[in-house]
Amino acid sequence: MDIACRRDTICAIATPIGIGGIGILKISGADALRILRTLFVTRTGKPRSSFPSHRLCHGWIRDPKTLEPVDEVLASYMAAPRTYTGEDVVEINCHSGYAVLNRMLEIVVSQGARVAEPGEFTQRAFLSGRLDLSQAEAVADIIHSRSQEALKQAGRHLRGDFGREVSRWREHLMELEAQVEAHLDFAEDLSEEGDPALAGLLSRVETQVIPALERIVSHYEEGRVLREGLSMVLVGKPNVGKSSLLNALVGRDRAIVTAMEGTTRDVVEDSFWVAGVEVRVLDTAGIRQKPDAIESMGIERTLRSVDEADLVLWILDHSRPLTEDDDRIHERISGKRVLVVLNKMDRCGPTTAQAARTRYGLEGDVVELCALRPEDAQRLKKILQDRVLKEALLSAESTFAVNRRQRDCLARALEALQRACALPDPEAWPELVSEELRAARKELDAILGLEADEELLDRIFSRFCIGK
Ligand SMILES: Nc1nc2c(ncn2[C@@H]2O[C@H](COP(=O)(O)OP(=O)(O)OP(=O)(O)O)[C@@H](O)[C@H]2O)c(=O)[nH]1
Ligand SMILES: [Mg+2]
């Protein structure tokens, strides 16, 4: 999007288009008030000249060509700069329905507004300095949050907690940069006055900035789970009870269950919530040798899901002996984070937890359960909370859950600072120290969106929905 276009007046339907109580149309830009004046009439059909800022006005929107009333509305004018975008903003609350919302949008566009691109309102908020880039990204995160934990994390970013922390590190680095520059320019004078040596300055970076960055970067994975949820794939040979366990976990009849081997052919996905975190669970085709053609396509999909999942729930069957199919699955999931489940414990059978531990050299516990008992599904959820999500939930208290872009910037900043601190004799290389400090500071600038280029902004804001 061209920066110049960003200053025209934009409009969008801000609520989902469909049948509902209220639909909201937003207009932002210099023409917002003029458009409202043209379209709005009072209950008695008279135009209204004054719209006090930040007040709701009751009346009608009428078609300026035919003068026909279109819908009864509550409209508000909000004068710049105390608005979301920092520009003049008008919001029209009308009724929500396909025809009425589209008609409203058409009328506003006929008065010279342009339909906004996804995220363009928030982009304007960012460009006008109302939000830094980390806060703008948090707006999309709030909208996309599916779990309470994701919402909590996004809320912290939107309030600016993370942005403020980054600004603090940034100021710290800028101060140091200035001191190193002074050291470079007036090295001799300063040393006479007892200026702290470069090594001393760097030790402050080492104690005050590096540990904080390290903590966030090293907890990225836990933070990602909080933000995006945990993806968990159910694997096992046919008939061990994968689909039964999926149904028990999500509490509904999601996947087909039969006594026949090879019932599930495709990946079936659903989700449930544990301690405010979303767990996306994938039920897959049982893995076995000599499958039929359709089944083998299903098995390929199973294996792809294994590669992409955060956690593999490997299901064994207590009622039947372990076989080569189990051995093959064991090999295939090596290197993944695995939780082993021994299912069908309500039956008699040859496969015990100890037998599985010995055969596969398992170190962790084997969870024994019966997928047909709802209380066992609850117990499994508690185990997921205590064993798998524990670190993520703890990290939520002590650090920020950042997105991939922010993590990459922090990791690069960290590397630059570590390089500066690792110089054996920094006094001999003040230019190098200065360069690394600047490189690190630029990465922090990128998190906040200072000097962000258009490509980056377009990439970030294209994630948004229209009307935000
Ligand atoms: N007794 C008992 N039967 C179970 C249990 N779990 C599943 N079953 C039964 O085992 C059979 C197979 O269950 P599914 O859930 O379809 O097994 P699956 O692993 O999804 O099988 P595929 O889709 O063929 O790979 C069904 O008849 C279930 O009712 C259990 O804990 N106890
Ligand atoms: Mg199945």
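Residues numbered from 1 in each chain as written. Chains lettered and ligands numbered in written order. Predicted model: local features only at pLDDT ≥ 70, side-chain atom pairs only at ≥ 80, totals over all residues. Heavy atoms only, no water.

Under the annotation held in an unreviewed UniProt entry, the chain carries the name tRNA modification GTPase MnmE and is attributed to Desulfacinum hydrothermale DSM 13146. In its Subunit (unreviewed entry) section, UniProt records this for the chain: "Homodimer. Heterotetramer of two MnmE and two MnmG subunits." Database annotation for the chain, UniProt heading Subcellular location (unreviewed entry): "Cytoplasm". (UniProt positions renumbered as here; feature names shortened; annotations may be inferred.)

Peer 1: Explain the nonpolar core to me, using residue names and the numbers behind them.
Peer 2: Membership of the largest hydrophobic core comes to 35 residues, with the highest contact counts inside it found for W169, V205, L410 and L417. Listed by contribution, the elements that provide at least two residues to this core are α6 (161-185), α8 (198-208), α9 (210-218), α17 (404-422) and α18 (430-448). Examining the composition of this core, we find that 9 residues originate from one element, α17, more than from any other. Excluding residues within four positions of it along the chain, W169 makes contact with V209, A212, L213, I216, L410 and L444. Within the second largest apolar cluster, 33 residues are counted, among which are L230, L339, V367 and L389. (Core = buried A, V, L, I, M, F, W, Y, C linked by side-chain atoms within 4.5 Å. Buried < 20%, exposed > 50% of the residue type's maximum accessible area, 1.4 Å probe, protein only. Helix = DSSP H or I, 4+ residues; strand = E, 2+ residues; numbered from the N terminus. Contact = heavy atoms within 4.5 Å.)

Peer 1: Break down the packing of helix α4 (residues 133-144) against helix α5 (residues 148-158) for me, with residues and values.
Peer 2: Running from N to C, α4 and α5 point in directions that differ by 155 degrees, and their axes come no closer than 8 Å. Taken together, the axis directions place α4 and α5 in an arrangement best described as roughly antiparallel. The crossing of α4 and α5 is left-handed. Mapping the contact onto sequence places S134, Q135, A138, V139, D141 and I142 in α4 and L151, A154, G155, H157 and L158 in α5. The residue inventory of the contact of α4 with α5, partitioned by class, reads 6 nonpolar, 4 polar and 1 charged. (Axes fitted to C-alpha atoms, helices over the stretch in contact; angles between N-to-C directions. Parallel < 35°, antiparallel > 145°, perpendicular 65-115°, else oblique. Left-handed = near helix turned anticlockwise from the far one by under 90°. Nonpolar A, V, L, I, M, F, W, Y, C, P; charged D, E, K, R; others polar.)

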